[in-house]
Structures are given as structure tokens and as C-alpha cells.
Amino acid sequence: MNNRNNFKEILVSESEIDARLEELSKEIYEVYKNDEDDLVVVGILRGAVIFMAELILRLDLDLHTDYMAVSSYGSSSVSSGVVRILKDLEEDIKGKNILIVEDIIDTGLTLKYLTKNLKERGAKSVRIATLLDKPERRKEDVNVDFIGFEIPDEFVVGYGLDYDQKYRNLPFVASLKEEVYS
Ligand code: 5GP
């Protein structure tokens, strides 16, 4: 069982996420409804899987899905500053509208790199949807089109996000007590 004594605070509840998903999917629908044939939703493994699944279930658009995996924190909670593609797209995205779906934007390094990389492959447009945003930590200026929730500078888990591969299956977002990850 996930050890609930390790949580400091529940920052975003299950019902808040559900309500925001309804709003976000409407915003996204409005943007793509006239250009839906070329839409590829790209989930960033593994953290974005739950958010992406719940989002596309609410999007009545003729979309494709694809996934990328990039190197991130590993089992430490400090960014290495290095972005490496561990798994690449399977679709050719030339001329396509790309919606990157990410779990959280922190320094912005990952999304800055990914946006540039996908544009260089000839994507028609590249937009970003993220469940969580930690604006205080931003180092790279990234234009994020759809944001679920802004959260304070805390290390969080749940709703796809892990610590040491655990807690991804929590239906809410919680901050971890510092002694758990430091
Ligand atoms: P960035 O490149 O924006 O610094 O970091 C993005 C990645 O860092 C996210 O996709 C996620 O893997 C990881 N990350 C950043 N903050 C957190 C956090 O609070 N909790 C967890 N579990 N991962 C985080």
C-alpha cells in the first residue's frame, strides 16, 4: 500500500482534477476543432500517461497518439539538466499539429528542448498541455498553452508522477515530506 504518512499535503484533489479536465478539454477542443485531421497528441512517458488518458477520453477529435520518453530525474529529485531521448516517436510528424502532454513543468528545460526538437522535424504547430506548473522554478522561457494547476515549489507525486517509481497510481497530487526524498 502507498504509505500515506509520507505525504505533507494534498495539493490537488481528485475532484479538482476532474473538474479541470473538463475545462481543459473544452479549451483544447476549441483550438483544434477546425484542424483536427492532423493532430498528434504526444505523451511524455511515464508521468503524463494518466493525465493524457483522461484528457483524450474527453476530446471528441480525430486524433492520433504517440509517446516519447526523455531522461529526467531518475530516483533523485534534483534535475540533472540533461535532456536525452530514450524513446522516440513512431509517427512522422511533418506537417502535423502536435500537442505535447506533460505531467509537470519545472525548470522548463525538458519542454524547451522537446518543442525545438519537434519543430525541427517539420511539425506544423507545437503546443503544450501540462497538468502541473511550478512557475517559481522556471529557468527556460517556455510558452505553455494549457495548464492544469499552478503549484508551489514542492516535490509532488501522484496522478502519474512518481518518486522512485512509486505513487504514480494515486488519484490526487500530494507533496512529499522532505525527509522522504532528501
Ligand atoms: P523540467 O525539465 O521542467 O525541469 O522538468 C520536467 C520533469 O521533471 C517532469 O517531467 C518530471 O519528470 C520531473 N519533475 C519536476 N518536478 C517534479 C515533481 O515535483 N515531482 C515529480 N515526481 N517529478 C518532477
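Presented here is a report on the structure given in the accompanying data block. (Residues numbered from 1 in each chain as written. Predicted model: local features only at pLDDT ≥ 70, side-chain atom pairs only at ≥ 80, totals over all residues. Heavy atoms only, no water.)

### Side note on the side chain of T130
Inspection of the secondary structure puts T130 in strand β6 (residues 125–133). Using a relative accessible area of 0% as the deciding quantity, one classes T130 as buried. Separated by 3.5 Å, the side chain of T130 and the backbone oxygen of D103 make a polar contact. (Helix = DSSP H or I, 4+ residues; strand = E, 2+ residues; numbered from the N terminus. Buried < 20%, exposed > 50% of the residue type's maximum accessible area, 1.4 Å probe, protein only. Polar contact = N/O pair within 3.5 Å; in protein donor to acceptor, adjacent residues only side chain to side chain.)

### Observations regarding the packing of aromatic side chains
Following the criterion strictly, the structure yields 5 aromatic pairs and no others. Ring geometry for F7 against F172: centres 6.0 Å apart, planes inclined by 90 degrees, an arrangement best described as edge-to-face. Of this pair, F7 sits in strand β1 (residues 7–12) while F172 sits in the loop between β8 (156–157) and β9 (173–176), placing them 165 residues apart in sequence. In this structure, F7 and F172 share a single accessibility class: buried. Seen in terms of ring centroids, F155 and Y163 are 6.0 Å apart; in terms of plane orientation they differ by 85 degrees. Their pairing is edge-to-face. (Phe/Tyr/Trp six-rings, centres within 6.5 Å; stacked < 30°, edge-to-face > 60°.)

### Notes on the site of the ligand
Lining the immediate surroundings of the ligand are 17 residues, of which T107, G108, T110, V156 and D162 lie closest. E102 is positioned with one of its side-chain polar atoms (N or O) 3.1 Å from an oxygen atom of the ligand. Between G108 and the ligand, the recorded distance is 2.9 Å, taken from a backbone N or O atom to an oxygen atom. In isolation the ligand exposes 510 Å². Once the protein is present, 93% of that is buried. Elements with a minimum of two residues in the shell around the ligand: β5 (97–105) and α3 (109–120). If one sorts the elements of the shell around the ligand by residue count, β5 sits on top with 4 residues. Of the residues belonging to the shell around the ligand, the class tally is 7 nonpolar, 4 polar and 6 charged. (Near = heavy atom within 4 Å. Areas by Shrake-Rupley, 256 points an atom, 1.4 Å probe, with all protein chains shown as cover. Nonpolar A, V, L, I, M, F, W, Y, C, P; charged D, E, K, R; others polar.)

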